[in-house]
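# Close look at the chain arrangement
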Amino acid sequence: MQSLPALLDARLRALTGVDPEMRPATKPQFGHFQSNVALRLAKQQGRPPREVAADLVAQLDVEDLCEPLEIAGPGFINFRMRSDVLARAVSSLLEDPNDGLNPARFPQRVVIDYSAPNVAKQMHVGHLRTTIIGDCFNRVLSALGNTVIAQNHIGDWGTQFGMLIEEVLDEGLDVRTLTLADADALYKRAAAKFKSDEEFAARARARVATFQGGDEESLAIWRGLVDISKPAFNVAYERLNVLLTDDDIAGESTYNDDLPVLVKELEDSGVAVVDNGALCVFVDGFDAPLIVRKSDGGYGYATTDLAAIRRRVRELHADRIIYVTDARQAGHFAQVFAAARKAGFLPDDVVAQHVGYGMVLGRDGKPFKTRDGSAATLESLLDAAEEQAAPNIALAAIKYADLSNGLQKDYTFDAERMVQTTGDTGPYLQYAHARVSQILRKAEAEDIHFGAVTVLADPVEQQLALLLSRFGEVVDDVAQNLTPHKLCGYLYDLAGSLASFYEACPVLKLEGDVRASRLALCEATRRVLAAGLSLLGIDAPARM
Ligand code: ARG
């Protein structure tokens, strides 16, 4: 459904040829929207603004949408939507199986690369963010009819396995008996030894080559570490209620056999050249080249990402590829995309986007730490939120705090504030949904029937209806620009508008048409709240 404000905007734009800059009216007596376009045109044309406004009002054909237009003050044009138009918009939403979402006109195949924890390491708060954000993108793009292919690019291959395997052999461990927390501790012991013990470091480096060269003993240890890590990741995904499964795992090791082939392609085409013993791709605008094969013959993180892009285009037939990682990897992806374009792995008609997110901070403004001062794991953060509220509310609090801020910004993890049912929080939206559900439940219990929205006399009802008409447009914007905070802001406004409606407009106390119409308005609001929350990955309870 095209939103009513968007329809009006389009007509005024067609008439004037400029952006009408429609703004919500500042006072109810000014109608629903105001435009200052006449003032701007008057300046250009050197004419009195009220005269320009009068001309526009005479020429603008919006009788089917608006009450007669009014000119206010120095030359503002005021628009008030006709209440029958608002009523019809809400009624059609009630009949729409898509709850007002606009199915994509050209559905795409969208690869989303998110979560991507590392084997033998616990997930940290950064992984919490990518998992929640990627899950939201997945839900939004799928809801609009795109084919989403989630790719969990887990770190299951890099050079860290050299020291891990050496440490396992030194300690004589059977890795299959370890928990992920044990493996994490092992990782830390290995890393410390790698730093302090040169003989160990040399063995670890040599082990990378033996292991990547296919040595069975090394591979068995590696497999063991992968096998204990995956179920632990799944426990976290279940706890987070996200869509990822084992089927979405395509870790770094997936591309192992592709690497020499890809590198040969790059060499043959002349895209990669040897520089100081390393094979490099030089891309404009970057100080250092992208190294596709190190001088010792090894391949790194960037080469694997080139291989992943190549497959996502050639085999997964992606039209759009989205990466969700912390903002510090922005440079890496910019260079990988540029190199992939140069190599022809990433054709011009395939969009590649990196969405970088900021850090999770504690109340002290420093990176969030657990009470004992160690870097916070994803689990410790969930535990902290669950100390404040029931799991589904704690989770709503975390997801909303993560998505509502503008992804690039750091956000402060303040469990006590985030779980409040007042203010701009996830639980506040859940509560709005539960409260409106309760009214509808009572109506059902009293056998009160309702159908369409027929009367919308009160200005607060009209505001609510206007907002409801905008849902589809807001979600389109999120899908296009990957800005979940706009959906959060919209739902927050919707819940606020619903609260004003309760204050001004009795529902169950009334009878007849007005009551039925208001119940229909409640039902439409409930549906949009539930649909919107579900796109954020947040559960919408019927009772709280
Ligand atoms: N494993 C990496 C990390 O924990 C993230 C991988 C992101 N995806 C990618 N294709 N590079 O930081």
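Residues numbered from 1 in each chain as written. Predicted model: local features only at pLDDT ≥ 70, side-chain atom pairs only at ≥ 80, totals over all residues.

## Concerning the overall build of the protein chain
Put simply, the rule is: Elements are defined by DSSP. Helices are runs of H or I of four residues or more, strands are runs of E of two residues or more, and each kind is numbered from the N terminus. Two residues qualify as being in contact provided that their C-beta atoms, derived from the backbone, are within 7 Å of each other.
Looking only at helices and strands, the protein chain features 20 helices and 13 strands. In terms of overall dimensions, the protein chain has C-alpha extents of about 85 × 55 × 40 Å along its principal axes. Restricting the contact set of the protein chain to residue pairs at least 6 apart, pairs at least 24 apart contribute 73%.

## Looking at the packing of helix α5 (residues 125-143) against helix α20 (residues 512-536)
Helix packing geometry: the angle between the two helix axes and the distance between the axes. The test is simple: Axis definition: a line fitted to C-alpha atoms, limited for helices to the stretch in contact. Angles are taken between N-to-C directions and run from 0 to 180 degrees. The scheme is simple: roughly parallel for angles under 35 degrees, roughly antiparallel for over 145, roughly perpendicular for 65 to 115, oblique for anything else. Charged residues are taken to be Asp, Glu, Lys and Arg, nonpolar residues to be Ala, Val, Leu, Ile, Met, Phe, Trp, Tyr, Cys and Pro, and polar residues to be all remaining types, Gly included.
Remark: α5 packs on α20, axes separated minimally by 7 Å, with the N-to-C direction vectors making an angle of 130°. One element, α5, and the other, α20, form an angle in the oblique class. The residues of α20 that touch α5, namely those facing C136, R139, V140 and A143, are S534, L535 and L536. Residues that form the contact of α5 with α20 fall into these classes: five nonpolar, one polar and one charged.

## Remarks on the nonpolar core
Cut-off, in case you're wondering: The term nonpolar core means buried Ala, Val, Leu, Ile, Met, Phe, Trp, Tyr and Cys residues held together as one set by C-beta atoms within 7 Å. Once C-beta atoms are placed from the backbone, each residue is buried if 20 or more other C-beta atoms lie within 10 Å of its own, exposed if 12 or fewer, and partly exposed for counts between those two.
The biggest cluster of nonpolar side chains holds 158 residues, and the ones touching the most others in it are V90, I133, L164, A397 and A465. When residues of this core are assigned to their parent elements, the largest contribution, eleven residues, is made by α20. Contacts of L164, omitting those with residues within four sequence positions, involve A120, L186, Y187, A190 and L225.

## Overview of the site of the ligand
The condition is simple: Each residue receives a C-beta atom built from its backbone; the residue is near a molecule or strand if that atom lies within 6 Å of it.
In the vicinity of the ligand, the contacting residues are D113, A116, N118, H153, G155, D305, A308, Y323 and T325. Where the shell around the ligand is concerned, the elements lending two or more residues are α11 (301-314) and β10 (320-326). For the shell around the ligand, the residue count by class is three nonpolar, four polar and two charged.

## Here's the deal with helix α17 (residues 459-469)
Taken across its eleven residues, α17 has nine buried, putting it largely inside the fold. When we look at burial in α17, the residues that qualify are E461, Q462, Q463, L464, A465, L466, L467, L468 and S469. Of the surrounding elements, those touching the buried residues of α17 are α1 (4-16), α4 (83-95), α18 (471-481), α19 (484-504) and α20.

## Topic: the UniProt feature "domain: DALR anticodon binding" (unreviewed entry) in the protein chain
Filter applied, for reference: UniProt positions are given in the numbering used here, feature names are shortened, and annotations may be inferred rather than shown by experiment.
UniProt annotation of "domain: DALR anticodon binding" (unreviewed entry) refers to residues 429-544 when read in the numbering used here. Strand forms 0% of residues 429-544 and helix 73%; the C-alpha atoms that close the span are 11 Å apart.

## Let's talk about the environment of L7
Tracing the backbone shows L7 in helix α1. With 18 C-beta atoms packed within 10 Å, L7 lands in the partly exposed category. Spatially, the C-alpha atoms of L7 and L65 are 8.8 Å apart, while their sequence positions differ by 58 residues. Once residues within four sequence positions are removed from consideration, L7 is found in contact with Q2 and L65.

## Structural notes on the domain arrangement of the protein chain
Quite often, the size of an interface is put as the accessible area lost when its parts meet. Selection rule: Segment limits for the domains were obtained from an automatic or database-derived domain assignment.
Its domain assignment divides the protein chain into domain 1 (4-81), domain 2 (160-245), domain 3 (361-418) and domain 4 (426-536). Domain 2 and domain 4 are separated by 51 Å when their C-alpha centres are compared.

## Some points on the sheet that holds strand β8 (residues 278-281)
Note the cut-off: In this scheme, strands are said to pair when DSSP sees at least two bridges between them.
As summarised here, the arrangement of the three strands in space is β7-β8-β9, forming an open sheet in which the pairing is antiparallel. This sheet does not close on itself; its edge strands, each paired only once, are β7 (272-275) and β9 (290-293). With direction set aside, neighbouring strand axes in the sheet form an average angle of 45°. Of the pairings in the sheet, the one linking β7 to β8 comprises four bridges and is antiparallel in character. The residue bridging A272 from the neighbouring strand is V281, located in β8.

## Quick notes on the packing of helix α8 (residues 198-212) against helix α9 (residues 216-240)
For the pair α8 and α9, interaxial distance at closest approach is 8 Å and the crossing angle is 90°. Accordingly, the angle class assigned to the pair α8 and α9 is roughly perpendicular. Of α9, the residues touching α8 (which contributes R207, T210 and F211) are S218, L219 and W222. Class assignment of the residues belonging to the contact of α8 with α9 gives a composition of three nonpolar, two polar and one charged.

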